[in-house]
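Structural overview
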Amino acid sequence: MPRTALNPDTVFDSLQYGFSQGLIVTGQRRILLSGQVGVDAQERTVGPGLDEQTEAALDNIERVLAAAGAAMKHVIMLRIYICEDARGDQEVIAAALRRRFPDNPPPSSWIIVSGLSLPEWLIEIEAEAMLD
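Now for a description of the structure that goes with this document. Computed from a predicted model, the values in this text were never measured in an experiment.

How each quantity is defined
- Once a new chain begins, its residue numbering starts again from 1 and follows that chain's sequence as written.
- Confidence filtering applies because this is a predicted model: local features only for residues at pLDDT of at least 70, side-chain atom pairs given and counted only at 80 or more, and all residues used for totals across whole chains, interfaces and linings.
- As a rule here, side-chain values come from all non-hydrogen atoms in the structure, and water together with hydrogens is ignored.
- Secondary structure is summarised from DSSP: a helix means a run of H or I of at least four residues, a strand means a run of E of at least two, and numbering begins at the N terminus for each.
- To sort residues, take the accessible area from a 1.4 Å probe on protein chains only and compare it with the maximum for the residue type: under 20% means buried, over 50% means exposed, and anything in between is partly exposed.
- Note on definitions: a residue-residue contact is assigned when non-hydrogen atoms from the two residues lie within 4.5 Å.
- Here a strand pair is declared whenever DSSP counts at least two bridges between the two strands.
- Simply put, an axis is a line fit to the C-alpha atoms, just over the touching stretch for a helix, and the angle between two N-to-C directions goes from 0 to 180 degrees.
- By convention, a stacked pair of Phe, Tyr or Trp rings (six-membered ring in the case of Trp) has centres within 6.5 Å and planes under 30 degrees apart, an edge-to-face pair has planes over 60 apart, and any other such pair is tilted.

Positionally, Gly22 belongs in strand 2 (residues 22-25). Gly22 gets classed as buried once you look at its relative accessible area, which sits at 13%. Along the chain, Gly22 and Pro8 lie 14 residues apart, while their C-alpha atoms are 9.3 Å from each other. Not counting chain neighbours up to four residues away, the residues in contact with Gly22 comprise Thr4, Ala5, Leu6 and Pro107.

Pasting the structure below:
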């Protein structure tokens, strides 16, 4: 799948936060993922911290993509819902994105919400992917 990241110098440097301003992609199959939270396969919340929950949500995205024959390199958009209680710890999310998407990271939207489905959840991440 050809992809070209767009990061013009006429807008702020989003790469420091682990995402691109835009992405040009071409492909044949588009995959839309439900929001993934910090739970394991038994629906247990992985930990109380944003770091553990972010990593688990990204792990879950990888697992769903793998079931479709895709990988993180196919992700073309993220929507990240951050619980208001975790608002001050957003560098944790940026660091996780930089690790998972070291080259041409996908665009993303970061949305602060008052809460998620369960009170212990701090983050939910939706993803879109495009396959060849």
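Picking up where we left off.
Turning to the sheet that holds strand 4 (residues 75-83), a few remarks are in order. If you trace the four strands from one edge of the open sheet to the other, you get 3-6-4-5, paired in mixed fashion. In the strand order of this sheet, the two ends are held by strand 3 (29-37) and strand 5 (108-113), each with one partner. Averaged over all adjacent pairs, the angle separating strand axes in this sheet is 10°, with direction ignored. Against the sheet, helix 1 (residues 50-67) touches strand 3, strand 4 and strand 6 (123-131), its axis set at about 150° to strand 3.

Below, the discussion takes up the packing of aromatic side chains. The geometry of two aromatic rings is summed up by the distance between their centres and the angle between their planes. Under the criterion given, the structure shown has two aromatic pairs. Arranged with centres 6.0 Å apart and planes meeting at 50°, the rings of Phe19 and Trp110 form a pair that is tilted. Of this pair, Phe19 sits in the loop between strand 1 (3-6) and strand 2 while Trp110 sits in strand 5, placing them 91 residues apart in sequence. Judged by relative accessible area, Trp110 falls into the partly exposed class, the value being 23%.

Geometric descriptors of this kind do not, in isolation, establish any biological role.
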